[in-house]
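Topology and contacts: notes
Below, each chain spelled out in residue letters.
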Amino acid sequence: MEQKREPIDEKEIEHAISKMRNRGTYPEEMYHLVREDMKLGISREETSLYTDRNYDVRQAKVCSNCLRRGFEREVIELICQKEFEAVQMETVFEIVDAGVPLENVKEIISKTNGVAHQMKKAFESYKRQVANKASEDKNTEHQGDKREKEKSEPPIPGYLKEIVDKLQEATAKLEKQEDNYKELSQKLNSIESAKEDASVIRNMEKEIAEKDELLVKQQEDIQKANSAVARLRKEKENMEQEMKTMKEKMQNQIDELSKKQEVPEEKNQKEFGESPAETIVASQAQNAYGIPVYYKVPVIDSSGQIVQRVQVERAVSKDRGIAGMFGRLAFRHKSRADIVKLVASGDLIPAQLVQIKIAIEKGLTENQIVELINNNVAAEKMKEIIEIAVLENCMN
């Protein structure tokens, strides 16, 4: 039976709902259920039985029905066990609400291990047993009463018997309507549960759609990143190829300019001829760029006769024009080759070779690099020497 309670003030109800919203997030149906319970006079402390246990709405409704029926705490704890799912709680509630004694309810739960459909079968079996026993008791009692009535009471007149039969028929119809009402109530509860399940499914579908959309966006970002990486890799390969081509062109130009410096002896002789002012050393004249050239200058006496020829050196600047620049390049190229040969013939370990490479990249002179190789110092010490050499070069 439902307890008669006094409704709670609307402001107090809204204050309680507001505190619920501030403390945590519940489904909107949960706020509605608490509000309806409090309107029936159930306190907020009592509704915390289902709001504080992380129940879903379907489980919470079972607990709410227990409170509305006025079940004792022991009965409510039996129905709303924490390990029970909604269908188990609904089944036990139905058994208790049917008036089954608490001990028999516990026995049904124990024998079926709380499995919902097995509890329903056990409940049906229990009802049949109770109905059979009641029928037997009723028949026994009816027969005894009938015998007593036959002894003590006069026969019922015909018109009264007809009235009694009609009353019995009306009672049977009322009992049948009550059964129909219970069946209808169960169907309504099932429909309501189905609606709740549909709402849960819709929410899940919405979450899945949002996650799918996020996944698609992430895949697009990954594809964009892969495209960018591929583009950068291609640009890097192109740049490396261009650098390689430029190096080859520069090397070819250096080689060509080096060859141009090696002027054949016959060409020099044709260019300079056999005049008194020609060079006296043909092999020295071949290196006209940056190497001394010797001339014979005639010495004339007072009568205009040549008495002798004096050898004079003409110094040509090594840095004169393009020839001087490429002459230095050729010399440096040879020096680099000597350094590679020196490194290859030495006993340097990989760490020392790395430092030699760094020294070349930082612009140390050939003499400084040769000193590093010949002294064969440790790699760590070589690193410090390179830093000092760089500073010294900058100061110079």
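Just above sits the structure.
Residues numbered from 1 in each chain as written. Predicted model: local features only at pLDDT ≥ 70, side-chain atom pairs only at ≥ 80, totals over all residues. Heavy atoms only, no water.

**Regarding helix α7 (residues 102-112)**
All buried positions along α7 are accounted for by Val105, Ile108, Ile109 and Thr112. Along the axis of α7, the buried positions cluster into a sector of 95°, meaning they face one direction only. Every exposed residue of α7 that faces more than 90 degrees away from the buried side is listed here: Glu103, Ser110 and Lys111. Downstream of α7 by a residue or two, asparagine 113 has a phi angle that is positive, lying close to 60°. (Buried < 20%, exposed > 50% of the residue type's maximum accessible area, 1.4 Å probe, protein only. Helix = DSSP H or I, 4+ residues; strand = E, 2+ residues; numbered from the N terminus. Arc of directions from axis to C-beta.)

**Some remarks on unusual backbone geometry**
Positive phi, normally seen in glycine, also occurs at asparagine 54, with a value near 60°. Position of asparagine 54 among the secondary structure elements: in the loop between α3 (44-51) and α4 (57-69). Despite not being glycine, asparagine 113 has its phi angle at roughly 60°, a positive value. For asparagine 113, the position within the fold is in the loop between α7 and α8 (116-152). Among the residues examined, asparagine 113 registers a relative accessible area of 68% and is labelled exposed.

**Some details on the side chain of threonine 51**
Here threonine 51 is to be found in helix α3. We classify threonine 51 as buried; its relative accessible area is 4%. Those residues in contact with threonine 51, other than ones at most four positions away along the chain, are Met20, Arg23, Tyr26, Met30, Val34 and Arg44. (Contact = heavy atoms within 4.5 Å.)

**A word on the pattern of salt bridges**
Within the structure shown, the criterion is met by 16 salt bridges. Linking glutamate 74 and lysine 106 is a salt bridge whose minimum nitrogen-to-oxygen distance equals 3.3 Å. Residue glutamate 74 is located in helix α5 (residues 73-79), and its partner lysine 106 is located in helix α7; the two are separated by 32 residues in the primary sequence. Residue classification places glutamate 74 among the partly exposed residues on the basis of a relative accessible area of 47%. Across the pair glutamate 240 and lysine 236 runs a salt bridge whose closest N-O atoms are separated by 2.5 Å. Of this pair, glutamate 240 and lysine 236 both sit in helix α9 (residues 158-261), four residues apart, which is roughly one turn of the helix. (Salt bridge = Lys/Arg side-chain N within 4 Å of Asp/Glu carboxyl O.)

**A look at the packing of helix α2 (residues 28-39) against α3**
At their nearest, the axes of α2 and α3 sit 10 Å apart, and the two run at 150° to each other. Classified by the angle between their axes, α2 and α3 sit roughly antiparallel to one another. Here the hand of the crossing between α2 and α3 comes out right-handed. Between α2 and α3, the contacting residues are Met30, Leu33, Val34, Asp37 and Met38 on the first element and Arg44, Thr47, Tyr50 and Thr51 on the second. (Axes fitted to C-alpha atoms, helices over the stretch in contact; angles between N-to-C directions. Parallel < 35°, antiparallel > 145°, perpendicular 65-115°, else oblique. Left-handed = near helix turned anticlockwise from the far one by under 90°.)

**Notes on helix α15 (residues 379-395)**
Taking 1.5 Å of rise per residue, 17 residues should cover 24 Å, and α15 covers 24 Å from first to last C-alpha, within 8% of that figure. Of all the residues in α15, the buried ones are Ala379, Met382, Ile386, Ala389 and Val390. Each buried residue of α15 sits inside an arc of 105° when the element is viewed along its axis, so together they form one side. Exposed positions of α15 whose direction lies more than 90 degrees from the buried face are Glu380, Lys381, Ile388, Leu391 and Met395. As for α15, its buried residues are in contact with α13 (350-361) and α14 (366-375). (Expected span 1.5 Å × (residues − 1).)

**A short note on the environment of lysine 362**
Secondary-structure assignment places lysine 362 in the loop between α13 and α14. By relative accessible area, lysine 362 is classed as partly exposed at 41%. Taking the C-alpha atoms as reference, lysine 362 lies 7.1 Å from valine 390; in sequence the two are 28 residues apart. Sequence-distant contacts of lysine 362, defined by excluding residues within four places in its chain, comprise Ile386, Glu387 and Val390. Within the structure, lysine 362 has its side chain in polar contact with the side chain of glutamate 387 (distance 2.8 Å). (Polar contact = N/O pair within 3.5 Å; in protein donor to acceptor, adjacent residues only side chain to side chain.)

In short, shape yes, function no, at least from these values alone.
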